[in-house]
Amino acid sequence: MRDLWRVKPDSAVKLAAIDPGSTPGLKGDRDTAAAARPAAMQTLAGLQDRLWAEASRSLLVILQGMDAAGKDSTVKHVFEGLNPEAIRPTEFKVPTSEELAHDFLWRIHAALPRRGQIGVFNRSQYEDVVAVRVRHDAPESVWRPRFRSIADFERSLAHEGTTIVKCFLHLSKDEQKRRFEERLRLPDKRWKFSPDDLVDRNLWDQYQRAYEDALAATSTDRAPWYIIPADHKWYLHWAVDVVLVETLQEMDPHYPKPPNLDGVVVT
């Protein structure tokens, strides 16, 4: 089912052609998605336990999208109930002076999951080909060659045993407006709002074009992008569940063979 959202390698991406409020693949509504959640949690927990015990490979999940697209809620929802020791979440904010003193992938290397873990990136190396482009923090001669650097980097990770899943949370501008207004209205959400969010909102079309180029240039067989409609969080969470379950099932981790315990007696 994950092929519903997969960006095929070397294909053009037109975000305007994908309805952010659509629910492809789900035969039902919010209640249907909620009813599917317990089984997905149980399956994910079992697969994660086997991956953790196997300790020879890892899974890296990358979440990208516009502000308020649902990255935080997806992290909280999808990985709820899993073994926290085997999850490594990382939120990438504006680079520090230390990070800027290195190449743009330096901080990404430092946050990668170790064998047996599931790494979760809330934003990622893709900020360095999208945000820096839109905000004119770097010229095209700097950000465009990074497409190849990223593809080579991800190819190397895959070769070393890291399976990569990249989800673009496709939000509409109208729904972003509603969520921003909710953040301003509700005390428990107001802390998440920043005036900088409005600066980026005013650059919406530029961000859409930058994401289209990035998704098209870096979706590969070994590190595919999935464009998931994100106007309905209940659908977004269901779809990410599906992508992760199918990916881990394809990885098919196994518990390691136990040592020879013949003659062992517990006293």
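In this text the structure is predicted, and so the values were computed from the model without any measurement.

The next point concerns the overall build of the protein. Each helix and strand in the protein was counted, giving twelve helices and five strands. For 267 residues, the compact-globule estimate of 2.2 N^0.38 gives 18 Å, and the C-alpha radius of gyration of the protein, at 19 Å, lies within 12% of that figure. Seen through its C-alpha atoms, the protein measures out along the principal axes to roughly 70 × 45 × 40 Å. Burial statistics for the protein: of 267 residues in total, 49% are counted as buried.

In a regular helix each residue adds 1.5 Å, so 25 residues correspond to 36 Å; helix α1 (residues 30-54) covers 35 Å between its end C-alpha atoms and thus fits that length. Along its length, α1 shows its largest kink, about 35°, at R37, and proline P38 lies within four residues downstream of that point. Among the residues of α1, A33, R37, A40, L44, L47, Q48, L51 and E54 are the ones counted as buried. Close packing links the buried residues of α1 with β1 (58-65), α2 (71-78), β2 (87-91), β3 (118-122) and α12 (233-251). Where α1 begins, the side chain of D29 points an oxygen toward the backbone nitrogen of D31, at a separation of 3.1 Å. Of the residues one or two after α1, A55 is the one with positive phi, at around 55°.

Our focus in this paragraph is the sheet that holds β1. Spatially, the five strands line up as an open sheet ordered β2-β3-β1-β4-β5, and their pairing is parallel. Sheet topology places β2 and β5 (225-229) at the edges, where each strand pairs with a single neighbour. Each strand of the sheet is rotated relative to its neighbour by a mean of 20°, with strand direction disregarded. When strand β4 (residues 162-170) meets β5, the two strands line up parallel, connected through five bridges. Looking at the pairing, F168 lines up with I227 of β5.

In this section: the side chain of H170. Assignment of secondary structure puts H170 in strand β4. We classify H170 as buried; its relative accessible area is 3%. A distance of 2.9 Å separates a polar atom in the side chain of H170 from the backbone oxygen of I18. Filtering out sequence-adjacent residues up to four positions away, H170 remains in contact with L15, I18, P20, Q208, I227, I228, P229, A230 and D231.

In total, this model carries seven aromatic pairs according to the counting rule given. Judged by centre distance (4.9 Å) and plane angle (80°), the rings of F92 and F121 are edge-to-face. Separated by 29 residues along the polypeptide, F92 in the loop between β2 and α3 (97-100) and F121 in strand β3 bring together distant segments of the chain. When sorted by exposure, F92 lands in the same class as F121, which is buried. A centroid spacing of 6.1 Å and a plane angle of 70° characterise the contact between W143 and F147, whose relative ring orientation is edge-to-face.

Cut-offs and rules
Chains are numbered independently. Their residues run from 1 in the order of the written sequence. Totals for whole chains, interfaces and linings use every residue, but because this is a predicted model, local features are given only for residues with pLDDT of at least 70 and side-chain atom pairs only at 80 or more, for both listing and counting. Only heavy atoms go into the side-chain values, all of them from the structure, while hydrogens and water stay out. Numbering goes from the N terminus for both helices and strands, where a helix is a DSSP run of H or I of at least four residues and a strand is a run of E of at least two. Put simply, the radius of gyration uses C-alpha atoms, and a globule should come to 2.2 Å times the residue count raised to 0.38. The buried label applies to any residue whose accessible area, calculated with a 1.4 Å probe on protein chains only, is under 20% of its type's maximum; exposed applies above 50%, and partly exposed to all values in between. Each helix should span, by expectation, one fewer than its residue count multiplied by 1.5 Å. The bend at a residue is defined as the angle formed between two axes, one fitted to the seven residues ending at that residue and one fitted to the seven starting there. When checking whether two residues touch, look at their non-hydrogen atoms; a contact exists if any pair is within 4.5 Å. Under the rule applied, a polar contact is a pair of N or O atoms within 3.5 Å (in protein, one hydrogen donor and one hydrogen acceptor; residues adjacent in sequence only if both atoms are side-chain atoms). When DSSP finds two or more bridges between a pair of strands, those strands are recorded as paired. The convention used is that axes are lines fitted to C-alpha atoms, helices contributing only their stretch in contact, and that angles between N-to-C directions extend from 0 to 180 degrees. Two aromatic rings, drawn from Phe, Tyr or Trp (for Trp, its six-membered ring), form a pair once their centres lie within 6.5 Å of each other, and the interplanar angle then sorts them: stacked below 30 degrees, edge-to-face above 60, tilted otherwise.

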